[in-house]
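# Breakdown of the fold
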Amino acid sequence: MLFRSNRPRRRASPDREGERLHLSINILTYRNPGFLDAQLHSLRGQLRPGDEIVVIEDGPCDGTAEVVEAHREHLAIRHVWHEDDGRRLCLARNRSILESRHPLILFLDHDVIFRPRSIERLRRTIRPGWALGLRRVMLDDATTKRIVEDQAHLRPSFWPLLPWRALLGRWKGWRFLLPLRRRDCRGPSNDWRGCATFGFLCHREDLVAVNGFDTRYDGESYAEDWDLFARLRHSGVSFGHPDHLCSVGHLEHGRSDH
């Protein structure tokens, strides 16, 4: 077992526990400091004192350490890396769990950006015994380039127009404005399908109880997510989705050769 916990399992409660808990944001990055820089800019001003960011680098890359250092003045951030030896997402995310110090963990890939005040909304949404899967708006190449080169996502006009651009440009925009699954953390659990660790908020002790990610799935796209979510569901964790104001912008990067 990678993780061990002797704590009894919790039962879901209407108490808004998340509002009082500190947050660890675990960012997985691989050879794209431009995306990471845009993401960290979107997180500035959204964390409470005591929250932390852990950047896990799956293979060292020139530029990533410099990006992390440039944000230290504004964010409580740590940088951890291991050697590039193939696609080892499970190993990297398990290491991020071990590095995390707080009871709430938000898993992110480096290719998503946040609208202002969305982190606080996520903290107010989650409940004991629940996990949250974020929604995303898929961005096109031109918008991604504007974000990386000009920090367009920091302008006040960017976010109000984003869902309409997504609606006109891609069918996935409909899922942003007209979600097909219920979102709130009340009543019966939502299906875990539709969740992914590009943006996934959960309680650390729930991850520890199921022993984190299964490293036997390293190298298999999405399989490691589905396996983790299924084990969490069988352990009693319910799945919800935050409202559209917590939806993230997903930067266009094509297919990765990692």
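Shown above is the structure to which this text applies.
Residues numbered from 1 in each chain as written. Predicted model: local features only at pLDDT ≥ 70, side-chain atom pairs only at ≥ 80, totals over all residues. Heavy atoms only, no water.

### A look at the sheet that holds strand S5 (residues 112-113)
- Reading across from one edge, S5-S10-S7 is the order of the three strands in this open sheet, with mixed pairing throughout. Only two strands of the sheet have a single partner each, and these edge strands are S5 and strand S7 (136-138).
- As defined by bridge partners, S7 adjoins strand S10 (residues 248-250) across three bridges and the pair is classed as parallel. Following the sheet pairing, Arg136 is matched in S10 by Val248. (Pairing = 2+ DSSP bridges. Helix = DSSP H or I, 4+ residues; strand = E, 2+ residues; numbered from the N terminus.)

### Here we look at the sheet that holds strand S4 (residues 104-109)
- In spatial order, the strands read S3-S2-S1-S4-S8-S6-S9; together these seven strands make up an open sheet with mixed pairing. A strand with exactly one partner marks an edge of an open sheet, and here the two such strands are strand S3 (77-82) and strand S9 (238-240). With direction set aside, neighbouring strand axes in the sheet form an average angle of 20 degrees.
- For strand S1 (residues 23-29) and strand S2 (residues 52-58), the ladder comprises six bridges, and the chain directions are parallel. Opposite Ile27, over in S2, you have Val55 as the bridge partner. (Axes fitted to C-alpha atoms, helices over the stretch in contact; angles between N-to-C directions.)

### A look at helix H5 (residues 141-150)
- Along H5, the positions that sit buried rather than exposed are Thr143, Thr144 and Ile147. Taken down its axis, H5 places every buried residue within 100 degrees of arc, on the same side. Those residues of H5 that are exposed and angled more than 90 degrees off the buried face are Asp141, Lys145 and Glu149.
- At the C-terminal side of H5, Gln151 shows a positive phi close to 55 degrees. (Buried < 20%, exposed > 50% of the residue type's maximum accessible area, 1.4 Å probe, protein only. Arc of directions from axis to C-beta.)

### Description of the pattern of salt bridges
- A complete count under the given rule lists twelve salt bridges for this structure.
- A salt bridge links Arg123 to Asp51, with the nearest nitrogen and oxygen atoms 2.7 Å apart. Of this pair, Arg123 sits in helix H4 (residues 118-125) while Asp51 sits in the loop between helix H1 (33-43) and S2, and the two are 72 residues apart along the sequence.
- Assessed through its relative accessible area of 2%, Arg123 is described here as buried.
- On the basis of relative accessibility, which here comes to 3%, the residue Asp51 falls in the buried class.
- A salt bridge links Arg121 to Asp243; the shortest N-O distance between them is 2.3 Å. Taken together, the residues Arg121 in helix H4 and Asp243 in the loop between S9 and S10 connect sequence positions 122 residues apart.
- For Arg121, a relative accessible area of 24% translates into the label partly exposed.
- Asp243 sits in the partly exposed class, given a relative accessible area of 25%.
- Linked by salt bridges that have partners in common, Arg48, Asp51, Glu120 and Arg123 make up one network. (Salt bridge = Lys/Arg side-chain N within 4 Å of Asp/Glu carboxyl O.)

### Side note on the packing of aromatic side chains
- Tallied over the entire structure, the rule returns six aromatic pairs.
- Measuring from ring centre to ring centre gives 5.6 Å for Phe107 and Phe213, while their planes differ by 90 degrees; the resulting arrangement is edge-to-face. Linking Phe107 in strand S4 with Phe213 in the loop between helix H8 (204-209) and helix H9 (223-234), this pair joins segments that are 106 residues apart in sequence. Of the two residues, Phe107 and Phe213, neither departs from the other in class, the shared state being buried.
- Cluster of aromatic residues (ring-pair linked, three or more members): Trp192, Phe200, Phe229 and Phe239.
- When the ring centre of Phe198 is taken as origin, the NZ or CZ atom of Arg136, which lies over that ring, is 4.2 Å away. (Phe/Tyr/Trp six-rings, centres within 6.5 Å; stacked < 30°, edge-to-face > 60°. Lys NZ or Arg CZ within 6 Å of the ring centre and 35° of its normal.)

### Re the pairing of S4
- Where burial is concerned, most of S4 is hidden: six out of the six residues are buried.
- On S4, burial covers both faces: Leu104, Leu106 and Leu108 on one face and Ile105, Phe107 and Asp109 on the other are all buried.
- In this sheet, S4 lies alongside S1 in parallel orientation, the contact comprising six bridges. Each residue of the ladder has a partner; that of Leu28, found in S4, is Asp109.

### Some details on helix H2 (residues 64-71)
- If you check which residues of H2 are buried, you get Thr64, Val67, Val68 and His71. One side of H2 holds all its buried residues, which, seen down the axis, span an arc of 100 degrees.
- Check the buried side of H2 and you find it contacts S1, H1, S2 and S3. (Contact = heavy atoms within 4.5 Å.)

### A short note on the packing of H1 against H2
- Contact geometry of H1 with H2 gives a least axis separation of 9 Å together with a crossing angle of 15 degrees. Put simply, H1 runs roughly parallel to H2. Between H1 and H2 the crossing geometry is right-handed. Side by side, H1 and H2 meet where Pro33, Leu36, Asp37, Leu40 and His41 of the first sit next to Thr64, Val67, Val68 and His71 of the second.
- Tallied by class, the residues present in the contact of H1 with H2 amount to five nonpolar, three polar and one charged. (Parallel < 35°, antiparallel > 145°, perpendicular 65-115°, else oblique. Left-handed = near helix turned anticlockwise from the far one by under 90°. Nonpolar A, V, L, I, M, F, W, Y, C, P; charged D, E, K, R; others polar.)

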